[in-house]
Amino acid sequence: MSKATVTAPANIAFIKYWGARDLDRAIPMNTSISMTLEHCVTQCTVETLSHGGEDEVWLAEPDGGFGTADPDFARRIREQLNRIRQWAGRKEPVRVATRNSFPTAGGLASSASGFAALTLAAVAAFGKKPSQRDLSLLARRSGSGSACRSIFGGFVEWAANTGNGSEEESYARQIADADHWDLRNVIAVVEIGPKTVSSIEGHRLATTSPYYGKRLELIPGRAEKVRKAIRERDLNALGPAIEEEAIDLHLITMSSHPPIFYWSPGSLAVLRAVRELRQEGLAAWATMDAGANVHVICDADSEDEVAERLEDLPAVGFVIRDGIGPGPEQDEEHLF
Ligand code: DP6
C-alpha cells in the first residue's frame, strides 16, 4: 500500500476556456490564460488498496469527519482514476479523500483544484514521476479542462493549438512565476451553493451563440494584451482586457440556445462597485467565471480598501482574499 497527499490550487482565468473541440477530453477551442491562487486549494489523499474491490471516495467535512461524495462527482473521480491507472499500468483500487479550503462550486473553480489535486496525488501514490507536461495532460483529460492550468503556479497559459494540434499537444505551461507580480484576487461571494448549469453544459452550448465566432476572432488579440500586461506588470493594461473578456464570456452564455444566466443581481452590484472604485482612482478590475461570484483583481496596496468596500455591499455575503500562488505541493500529513 502506498499513500500520497497533494494540495493543489484553484486558478482564475484572465482569458477563459469556453467551448471545446472535443468536450470529453477537454480540448479547447481557444487559448486560455490564468493566475494560480494561493489560498483557495484542494487537499487530496490517495491510498492504493491491496485488496480488490471498488474505489472509495470521501469528502472531508468541516468538523474533521468524512462524508460521501455526490454520485456525479464520485463518478467523475472514478473515471479519472481509471484514466490514471491505465496510464500508469496499474490495477489496484484506491481510497480517496478530498477537502476544499473554500466553498465548493459556485464559480470558485473547485473542479480545477480538485482534479489537479486528485491527479497529482494518484500519480504519486502509484509511485510515478512524470513531466509537468504529462501531468498537465492527465489533469486536462479529467474533463475539467482548467485543471491542467492548476498544475503550475504563477501565470499559466493553456494554448489551444500548440504543435500539430493533436490531443497530446493540449497542455498548459507557466508563463511567469508567482514572484513575478504580486497580484491579489478579492472574491466577492454573492451566491453560495452549486451553480445551476455546469461548465460542461456551458461549453456544449457555446457554439450555439451567434456571437461565438466573433469571440474566437477577438481572443488572439486580447490574449496578446494579457501576456504583454503580465510581462510588463501593467495593471492598467491588464484590467480592461480581463474585464472585457469576462463580459464577453457571459455574453456568450446569455446568447446560447437555451441561454444560461450565471449572473445574479449581486454580481451586477459588485461590477458597479468596482467601476466606482476605479472612478475614485483605485486600480481594481473584475472578472467572473461560470458563476455569480466576482473576482476583483488589484495590487497589494489596494487590497484592503477593495476588500472593505466589497464587504460593505449588502449583496455580498463575504469576501475571500486571495493572491497569486506558487502551485501544488506534496504534503507530509495525510487526510486519513
Ligand atoms: C468559465 O470545464 O474547466 O471557468 O470543470 O467547472 O472547472 P470546471 O470547468 P472547466 O471550464 C472552465 C470554465 C471557466 C473558464 C476557465 O477557467 O478558463
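For the structure, see preceding data.
In this text, all values refer to a predicted model and were calculated from it rather than measured experimentally.

Let's talk about the nonpolar core
Then, in step 1: With 36 residues, the main nonpolar core has Cys44, Val46, Leu81, Val96, Leu118 and Ile151 as its most contacted residues.
Then, in step 2: Of all the secondary-structure elements, those providing two or more residues to this core are strand 1 (3–15), strand 4 (32–48), helix 1 (71–88), strand 7 (94–100), helix 2 (110–125), helix 3 (132–140) and strand 8 (155–158).
Then, in step 3: Here this core takes nine residues from helix 2, the largest share from any one element.
Then, in step 4: Excluding anything up to four places from it in sequence, Cys44 contacts Ala4, Thr5, Val6, Val96, Ala97, Thr98, Ala117, Leu118, Ala121 and Leu335.

Observations regarding the packing of aromatic side chains
Then, in step 1: Taken as a whole, this structure holds five aromatic pairs when the rule is applied.
Then, in step 2: Between the aromatic rings of Trp18 and Tyr262, the centroid separation amounts to 6.4 Å while the plane-to-plane angle is 80°, which identifies the pairing as edge-to-face. Here Trp18 is found in the loop between strand 1 and strand 2 (20–22), whereas its partner Tyr262 is found in the loop between helix 6 (235–254) and helix 7 (265–279), with 244 residues between them in sequence. One exposure class covers both Trp18 and Tyr262, and it is buried.
Then, in step 3: Ring geometry for Phe73 and Phe115: centres 6.1 Å apart, planes at 70°, overall edge-to-face. Residue Phe73 is found in helix 1, and its partner Phe115 is found in helix 2; the two are separated by 42 residues along the sequence.
Then, in step 4: Under the relative-accessibility criterion, Phe115 is labelled buried at 1%.
Then, in step 5: Members of the aromatic cluster, each reached through a chain of ring pairs, are Phe14, Phe155 and Trp181.
Then, in step 6: Directly above the ring of Trp285 sits Arg278, whose terminal nitrogen or CZ lies 3.8 Å from the centroid.

Description of the pairing of strand 8
Then, in step 1: Residue alternation in strand 8 divides its side chains into two sets, Phe155 and Glu157 and Val156 and Trp158, and both sets are buried.
Then, in step 2: As defined by bridge partners, strand 4 adjoins strand 8 across four bridges and the pair is classed as antiparallel. Bridged to Ser34 within strand 8 is Val156.
Then, in step 3: Sheet topology note: the strand 8/strand 9 (residues 172–176) ladder contains four bridges and is antiparallel. Across the sheet, residue Phe155 finds its bridge partner in strand 9, namely Ala176.

Here we look at the pairing of strand 12 (residues 294–299)
Then, in step 1: Most of strand 12 is tucked away: five of the six residues are buried.
Then, in step 2: With six bridges joining them, strand 10 (residues 183–189) and strand 12 adopt antiparallel strand pairing. Looking at strand 12, one finds that Ala188 is bridged to Val294.
Then, in step 3: Relative to strand 12, strand 11 (residues 284–287) is paired through four bridges, and the arrangement is antiparallel. Residue pairing in the sheet places Trp285 in a bridge with Ile297 of strand 12.
Then, in step 4: A loop of six residues connects strand 11 with strand 12, the two strands running antiparallel in sequence.

Calculation criteria
Residues numbered from 1 in each chain as written. Predicted model: local features only at pLDDT ≥ 70, side-chain atom pairs only at ≥ 80, totals over all residues. Heavy atoms only, no water. Core = buried A, V, L, I, M, F, W, Y, C linked by side-chain atoms within 4.5 Å. Buried < 20%, exposed > 50% of the residue type's maximum accessible area, 1.4 Å probe, protein only. Helix = DSSP H or I, 4+ residues; strand = E, 2+ residues; numbered from the N terminus. Contact = heavy atoms within 4.5 Å. Phe/Tyr/Trp six-rings, centres within 6.5 Å; stacked < 30°, edge-to-face > 60°. Lys NZ or Arg CZ within 6 Å of the ring centre and 35° of its normal. Pairing = 2+ DSSP bridges.

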